[in-house]
Amino acid sequence: MKKIVLSLAIVSLLFSCNKQEDSITTTDGNLAETVGKRGCYSDEHLKDQLAADPTLAKRMEEFELKAAEAIAQGRIVNGVLEIPVVFNVLYRTTAENISLAQLQSQIDVLNKDFNAQNSDYNTANNPYSSVRANVGIRFVLDQVIRKSTTKSSWGTADAMKKANRGGLAPTSPTTKLNIWVCTIGGGILGYAQFPGGSSATDGVVLDGKYTGTTGTATYPFNLGRTATHEVGHWMNLRHIWGDATCGTDSVSDTPVHNAANYGVPAVGHRSTCSGTPLEMYMNYMDYTDDRGMYMFSGGQKTRMLAIFDVGGSRASFR
Ligand code: ARG
Ligand code: ZN
Ligand code: CA
């Protein structure tokens, strides 16, 4: 991840001289002397800081270990965080026991949408094209766990996550994204747990009819965007209208919306809030039909990546 690369760069700066200073030569042409004595103050500076702050060495060492561990475990590949996904499929009817192909199609959508590879990313006349973001997080299908049940709908009180209520407990929720696929009922497409909640219920719930792009996936929510939206919540994003009239999503590059949008809003649709900004109804965190949403913003990306930083609420996924 960018932050990791950045922090590593800072640490390596502390330990080494930068190129420009390396090339400074003295009048007597003694390069080594120059580097040792004037060209590289970073090392001296670090020594001073280490002497002044007895906890610094330990913090730096811990950071090195974390970075090494993350790289060794392969969770960060070429700077991109990879999140293993466990699907927990709960079914009563055979139709509810959705196919591996349908689950894989959902993984494929997540990988496209979070890496600016979705075919609608370059939709013409997007007034917000300049703030579109390549989030740069990848999803890998890790396991599919299936369980036959007698329940015809599961609601939104997390019963599907509890073995003693007929559901399936999450698998390794601090290192894997658990997605429960079941019939929710009540017209709910899906829901997510925000960062900071109990690991016993952590993850995303999707109704099977709004999962992936094949099999039982049902128009107008048949493009896998319910998961994109819910994983956005799981990564700390709020609805773009801030769940209030002209509310805030705590992201500065998304405009103020007066309310959720449904269907596919007309091009040029404006909010009724102060300044009547053009709404970013093509954002995954709005409520439009799947074909109407195709971007996260740069500010949303920053907010999502922050939870995976060292000390962040989902740092255990690194
Ligand atoms: N939690 C929202 C709901 O259940 C999900 C909205 C997802 N939107 C979509 N186009 N798939 O209504
Ligand atoms: Zn939502
Ligand atoms: Ca905003």
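Residues numbered from 1 in each chain as written. Chains lettered and ligands numbered in written order. Predicted model: local features only at pLDDT ≥ 70, side-chain atom pairs only at ≥ 80, totals over all residues. Heavy atoms only, no water.

*Asks:* Looking at this structure, how should I read the coordination of the zinc ion (ligand 2)?
*Replies:* In an ideal tetrahedron of four donors about a metal, each angle is 109.5 degrees. In an ideal octahedron of six donors, the angles are 90 or 180 degrees. The coordination sphere of the zinc ion (ligand 2) contains the protein donors His229 (NE2), His233 (NE2) and His239 (NE2), at a distance range of 2.0 to 2.1 Å. Written as a sequence motif, the donor residues of the zinc ion (ligand 2) are H-x3-H-x5-H. By the burial criterion, His233 is buried, and His239 matches it. (Donors = N, O, S within 2.8 Å, 3.2 Å for Na, K, Ca; no water. Buried < 20%, exposed > 50% of the residue type's maximum accessible area, 1.4 Å probe, protein only.)

*Asks:* Before we go on, may I ask you to explain the environment of Thr272 in this structure?
*Replies:* Position of Thr272 among the secondary structure elements: in the loop between helix 7 (225-234) and helix 8 (298-306). Note on Thr272: relative accessible area 62%, which makes it exposed. Each C-alpha atom, one on Thr272 and one on Cys246, is 8.2 Å from the other, the two residues being 26 residues apart in sequence. (Helix = DSSP H or I, 4+ residues; strand = E, 2+ residues; numbered from the N terminus.)

*Asks:* Whenever I open this one, the coordination of the calcium ion (ligand 3) confuses me. Can you help?
*Replies:* The calcium ion (ligand 3) binds to the protein through Asp249 (OD), Val251 (O), Thr254 (O) and Thr254 (OG1); the donor distances cover 2.4 to 2.5 Å. Along the chain, the residues donating to the calcium ion (ligand 3) are arranged with the sequence spacing D-x1-V-x2-T. Thr254 carries the same exposure label as Val251, and that label is buried.

*Asks:* Mind showing me how you'd approach the nonpolar core here?
*Replies:* In a soluble, globular protein the nonpolar side chains are often hidden away together inside. Grouped together as the largest cluster of nonpolar side chains are 34 residues, with contacts concentrated most on Ile83, Phe139, Trp234 and Met235. Looking at this core, the elements that each hand over two or more residues are strand 2 (80-91), helix 6 (100-113), strand 3 (137-148), strand 4 (177-182), strand 6 (204-207), helix 7 and helix 8. Top element by residues in this core is strand 2. It accounts for five residues. The contact partners of Trp234, leaving out residues within four places of it in the chain, are Ile83, Leu177, Ala192, Gln193, Pro195, Asp202, Gly203, Val204, Ile307, Phe308, Arg314 and Phe317. Ala159, Met160, Leu168 and Tyr191 belong to the second-largest nonpolar core, a separate cluster that totals 10 residues. (Core = buried A, V, L, I, M, F, W, Y, C linked by side-chain atoms within 4.5 Å. Contact = heavy atoms within 4.5 Å.)

*Asks:* Would you mind showing me how to read the site of ligand 1 here?
*Replies:* Residues in close proximity to ligand 1 total 13 residues, the closest being Leu189, Thr226, Glu230, Thr288 and Asp290. When ligand 1 is considered free in solution it has 350 Å² of accessible area, and contact with the protein chains removes 90% of it. The element contributing the most residues to the shell around ligand 1 is helix 7, with four residues. The residue inventory of the shell around ligand 1, partitioned by class, reads five nonpolar, four polar and four charged. (Near = heavy atom within 4 Å. Areas by Shrake-Rupley, 256 points an atom, 1.4 Å probe, with all protein chains shown as cover. Nonpolar A, V, L, I, M, F, W, Y, C, P; charged D, E, K, R; others polar.)

*Asks:* Looking at this structure, how should I read the packing of aromatic side chains?
*Replies:* What characterises a pair of aromatic rings is the spacing of the ring centres plus the angle enclosed by the ring planes. If you walk through the whole model with that rule in mind, you get nine aromatic pairs. Measuring from centroid to centroid gives 5.0 Å for Trp241 and Tyr287, while their planes differ by 65°, and the two rings are edge-to-face. Of this pair, Trp241 sits in the loop between helix 7 and helix 8 while Tyr287 sits in the loop between helix 7 and helix 8, and the two are 46 residues apart along the sequence. Feature note: the residues Phe114, Phe139, Tyr284 and Phe296 constitute an aromatic cluster, connected by ring pairs. Across from the ring centre of Phe194, 4.3 Å away, lies the NZ or CZ of Arg238, which sits over that ring. (Phe/Tyr/Trp six-rings, centres within 6.5 Å; stacked < 30°, edge-to-face > 60°. Lys NZ or Arg CZ within 6 Å of the ring centre and 35° of its normal.)

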